[in-house]
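Commentary on secondary and tertiary structure
Listed here are the chains, written in short residue letters.
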Amino acid sequence: MVGDGEAIPGVEAWQRAADQGAAAHGPGARAPWVPASAALPPAIRDELVDWLRGAFPNEGCGVLVSDRTAENGGVPSRFVGMRNAAASPYRYLMDSEELLRVMPEIDDADEVVWGIVHSHVASPPHPSPTDIGLAAYPDAVYLLASFAVEPPELRAWTIVAGSVNEVVLERR
């Protein structure tokens with residue numbers, strides 16, 4: 001239950017919201033900010049790929065944390081793997097209880113969600129219409145790992161108001 005007796009929406013409700021959000025956003029103008037590139041330390045990259053691989057055959061998910069957004073030159077300092085409450089190879093839904101625990105910790109440490117991470121089990125690492133519809137962090141970089149190839153392909157995007165733009169990932 002969420003405050004005042006309100007139930008946490010089920011996976012189907014989230015999926016409907018994502019589908020409606022994706023349908024509402026046609027090809028739009030360029031996002032308000034698009035960093036040409038963003039740095040991802042190799043150790044954190046390896047950690048998140050291992051976490052996502054461990055979720056197979058379902059999509060895996062998590063968040064990257066930093067002291068600043070990518071737009072402001074931030075570099076992820078840590079990865080927090082999250083449970084995929086959808087338990088599906090076709091979509092992800094970060095576990096709401098884990099988010100309710102992690103987000104205040106990030107805020108209390110004066111950190112930000114630098115990136116949202118998830119995997120695609122058998123499709124390319126491009127945001128799907130569902131991914132676009134669920135994008136709720138306009139300041140975050142969205143990292144997608146595709147396990148359709150080996151080694152997994154990792155690409156990054158900004159998703160703002162339905163506008164999707166690629167961000168080049170630097171290894172530092």
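These remarks concern the structure in this document. Because the structure is a prediction, the values reported are computed rather than measured. (Residues numbered from 1 in each chain as written. Predicted model: local features only at pLDDT ≥ 70, side-chain atom pairs only at ≥ 80, totals over all residues. Heavy atoms only, no water.)

1. A look at the overall build of the protein chain
The number of helices and strands found in the protein chain is 4 helices and 7 strands. If you list the helices and strands of the protein chain from N to C, you get α-β-α-β-β-α-β-α-β-β-β. The 172 residues of the protein chain split such that 44% are buried. Long-range pairs, those at least 24 residues apart, make up 66% of the contacts in the protein chain between residues at least 6 apart in sequence. For the protein chain, the accessible area works out to roughly 8700 Å², and carbon and sulfur atoms hold 55% of it. (Helix = DSSP H or I, 4+ residues; strand = E, 2+ residues; numbered from the N terminus. Buried < 20%, exposed > 50% of the residue type's maximum accessible area, 1.4 Å probe, protein only. Contact = heavy atoms within 4.5 Å. Areas by Shrake-Rupley, 256 points an atom, 1.4 Å probe, with all protein chains shown as cover.)

2. Observations regarding the environment of G115
By secondary structure assignment, the location of G115 is in strand β4 (residues 112-120). Classification of G115 by relative accessible area gives buried; the value is 0%. Taking C-alpha positions, G115 is 9.0 Å from A156, a pair spaced 41 residues apart along the chain. Apart from the residues lying within four places of it in its own chain, the contact partners of G115 are G62, V63, L64, A140 and V141.

3. Some words on the pattern of salt bridges
Enumeration according to the criterion identifies 7 salt bridges in this entry. For R53, the salt bridge identified is with E150, shortest N-O distance 3.2 Å. Pair noted here: R53 is in helix α2 (residues 42-55) and E150 is in the loop between β5 (141-146) and β6 (153-160), with a separation of 97 residues, a long-range link. The partly exposed category is assigned to R53, whose relative accessible area is 36%. Across the pair D67 and R68 runs a salt bridge whose closest N-O atoms are separated by 3.6 Å. Classification of R68 as partly exposed rests on a relative accessible area of 39%. The network of salt bridges with common partners includes E153, R155 and E166. (Salt bridge = Lys/Arg side-chain N within 4 Å of Asp/Glu carboxyl O.)

4. So, the side chain of D95
Considering the arrangement of structural elements, one finds D95 in the loop between β3 (78-82) and α3 (96-108). When its relative accessible area of 10% is taken as the criterion, D95 is described as buried. For D95, the side chain forms a polar contact with the main-chain nitrogen of E98, separated by 2.9 Å. With residues up to four places along the chain from it excluded, the contact list for D95 reads M82, R83 and A85. (Polar contact = N/O pair within 3.5 Å; in protein donor to acceptor, adjacent residues only side chain to side chain.)

5. Looking at the sheet that holds β6
Taken in spatial order, the 7 strands make up an open sheet running β1-β7-β6-β5-β4-β2-β3, and their pairing is mixed. On the outer flanks of this sheet lie β1 (37-40) and β3, each paired with one strand and no other. If you compare each strand with its neighbour and ignore which way they point, the axes differ by 30° on average. Strands β1, β2 (61-66), β3, β4, β5, β6 and β7 (163-171) of the sheet are contacted by α2, whose axis makes an angle of about 5° with β3. Strands in contact with α3 are β2, β3 and β4; relative to β3, the strand with the most contacts, it is inclined by about 165°. (Pairing = 2+ DSSP bridges. Axes fitted to C-alpha atoms, helices over the stretch in contact; angles between N-to-C directions.)

6. Examining unusual backbone geometry
The omega torsion across F56 and P57 is 20°, close enough to zero to call that bond cis. With an omega of 0°, the peptide bond running from E150 to P151 counts as cis. Turning to its location among the elements, P151 is positioned in the loop between β5 and β6. Although it is not a glycine, A161 adopts a positive phi angle of roughly 50°. Structurally, A161 can be placed in the loop between β6 and β7.

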